[in-house]
Amino acid sequence: MTMKEFYGAISGDYDEALTRLMNESMMSRFVKKFADDKSFEELEQNLAADRTEEAFRAAHTLKGVCKNLAFTALADVSSEITEQLRAGDLAAAKEYFPVVKEKYDVVLAEIAELEK
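Computed from a predicted model, the values in this text were never measured in an experiment.

Draft legend 1. Inspection of the environment of Arg 20 at higher detail. Residue placement: Arg 20 occurs in helix 2 (residues 14-21). Residues Arg 20 and Phe 40, spaced 20 residues apart in sequence, show a C-alpha to C-alpha distance of 23 Å. Beyond its immediate chain neighbours, meaning those up to four positions away, Arg 20 contacts Lys 67, Asn 68 and Ala 70. Within the structure, Arg 20 has its side chain in polar contact with the backbone oxygen of Lys 67 (distance 2.9 Å).

Below, the structure written as structure tokens:
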């Protein structure tokens, strides 16, 4: 799978990522490191524990990482849950979380395909 195909599969913006990261080698390096980022895990754990402020920080971090990597679809849903948590609406964030998880799982699955 090429980087361009990867970005297509995750509804990302290949051209934006290429502009930001300069070349496909750097893109590949940072994309593969994404799986090690703990923001999603922290978001999930803090939502489960009803820790709104900590969940907000994790969602905000996840959003930033996704924007930097031009993971557009995941960045958009991460932004939505960030704003719900910023407003203190834990119930809405918990209800919306499965949408974030779905997009996150797609990214991880496609990263696994890149590594084959």
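Draft legend 2. Representation of the pattern of salt bridges. The final tally for this structure, using the stated rule, is five salt bridges. Asp 50 serves as the salt-bridge partner of Lys 94, at 2.3 Å between the closest nitrogen and oxygen. Residue Lys 94 is found in helix 7 (residues 90-114), and its partner Asp 50 is found in the loop between helix 4 (39-48) and helix 5 (52-69); the two are separated by 44 residues along the sequence. Residue classification places Lys 94 among the partly exposed residues on the basis of a relative accessible area of 34%. Take Asp 50: its relative accessible area is 47%, and that puts it in the partly exposed class.

Draft legend 3. Inspection of the side chain of Ser 39 at higher detail. In this structure, Ser 39 sits in helix 4. Polar contacts involving the side chain of Ser 39 include one to the side chain of Asp 37, which spans 2.6 Å. With sequence-adjacent residues up to four places away left out, Ser 39 is seen in contact with Ala 58, Thr 61 and Leu 62.

Draft legend 4. Spotlight on helix 4. For helix 4, the complete set of buried residues consists of Ser 39, Phe 40, Leu 43, Asn 46 and Leu 47. Around the axis of helix 4, the buried residues are gathered within 135° of arc, so they sit on the same side. Just past helix 4, the residue Asp 50 takes up positive phi, approximately 60°.

Draft legend 5. Quick look at helix 2. Within helix 2 the residues assigned to the buried category are Tyr 14, Ala 17 and Leu 21. End-on view of helix 2: buried residues confined to an arc of 65°, all on one side of the axis. Exposed residues on helix 2 whose side chains face more than 90 degrees from its buried face are Asp 15 and Thr 19. Contacts from the buried residues of helix 2 go to helix 1 (3-9), helix 3 (24-33) and helix 5. N-capping of helix 2 is provided by Asp 13, with a side-chain oxygen placed 3.3 Å from the backbone N of Asp 15.

Basis of the calculations
- Residues numbered from 1 in each chain as written.
- Predicted model: local features only at pLDDT ≥ 70, side-chain atom pairs only at ≥ 80, totals over all residues.
- Heavy atoms only, no water.
- Helix = DSSP H or I, 4+ residues; strand = E, 2+ residues; numbered from the N terminus.
- Contact = heavy atoms within 4.5 Å.
- Polar contact = N/O pair within 3.5 Å; in protein donor to acceptor, adjacent residues only side chain to side chain.
- Salt bridge = Lys/Arg side-chain N within 4 Å of Asp/Glu carboxyl O.
- Buried < 20%, exposed > 50% of the residue type's maximum accessible area, 1.4 Å probe, protein only.
- Arc of directions from axis to C-beta.

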